[in-house]
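# Structural characterization, general
For reference, the chains in residue letters:
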Amino acid sequence: HQLHILCPLPFVVPTESPYYHTTRRIMADSESGRVFHFFIANFIIQLMCLWAGYKSFLSLGQSDKVEMKHWLQFWVVYCAWCVLELFLDVILFYMPLYPEVKMAVVAGLVFGGGAAKIYDPYVHSFLIS
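Residues numbered from 1 in each chain as written. Predicted model: local features only at pLDDT ≥ 70, side-chain atom pairs only at ≥ 80, totals over all residues. Heavy atoms only, no water.

What follows covers helix H3 (residues 98-110). Here H3 spans 18 Å end to end across 13 residues, near enough to the 18 Å set by a 1.5 Å rise per residue. Every buried residue of H3 is listed here: Tyr 98, Pro 99, Lys 102, Val 106, Leu 109 and Val 110. Down the axis of H3, the sector holding all buried residues measures 105 degrees, keeping them to one side. (Helix = DSSP H or I, 4+ residues; strand = E, 2+ residues; numbered from the N terminus. Expected span 1.5 Å × (residues − 1). Buried < 20%, exposed > 50% of the residue type's maximum accessible area, 1.4 Å probe, protein only. Arc of directions from axis to C-beta.)

Below is the structure:
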């Protein structure tokens, strides 16, 4: 009997098994699909960060302090998110819809004014104490 290893886990299905192709497809779809999904989500997040960087650059050339404050708050909150994610990513990776939630959070910070809503009550008070 020829055995075929499907994934890095100790999971082996004989190639003659009627479940071989189904199991192989499910394993391939779940792992590569998840990795591809995370790649697309992170690509979109990087585009939003490029937009935020561009808007930050433009605000430095203006004398509008409200606009500068908005983008500085965004970058502080986004950096705090990145530090939290560094430690929690091992757990968050397996949450369903995590890439969508992450994109929604970053979109809310960039476009929805969510940075001020998070910065004032949470980040600012944490950094002051």
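Let us keep going from here.
All right, on to the pattern of salt bridges then. Taken as a whole and judged by the stated rule, the model has one salt bridge. Lys 102 is the salt-bridge partner of Glu 85, the closest N and O atoms lying 2.8 Å from each other. Linking Glu 85 in helix H2 (residues 65-92) with Lys 102 in helix H3, this pair joins segments that are 17 residues apart in sequence. (Salt bridge = Lys/Arg side-chain N within 4 Å of Asp/Glu carboxyl O.)

For H2, the principal kink sits at Leu 86 and spans about 55 degrees. By the burial criterion, the buried members of H2 are His 70, Trp 71, Gln 73, Phe 74, Val 77, Tyr 78, Glu 85 and Leu 92. One side-chain oxygen of the residue at the start of H2 lies 3.3 Å from the amide nitrogen of Val 66, identifying that residue as Asp 64. (Bend = angle between axes of the 7 residues up to and from the residue. Polar contact = N/O pair within 3.5 Å; in protein donor to acceptor, adjacent residues only side chain to side chain.)

For the largest pocket, the calculated volume is near 260 Å³. Where the lining of the largest pocket is concerned, the elements lending two or more residues are H2, H3 and helix H4 (114-128). Top contributing element to the lining of the largest pocket by residue count: H2, with seven residues. Of the residues in the lining of the largest pocket, the class split is 14 nonpolar, no polar and one charged. (1 Å grid on protein atoms, 1.4 Å probe; cavity = no way out; pocket = protein on both sides within 12 Å on 5 of 7 lines; lining within 4 Å. Points joined across faces, edges and corners; volume = space filled by probe spheres on them. Nonpolar A, V, L, I, M, F, W, Y, C, P; charged D, E, K, R; others polar.)

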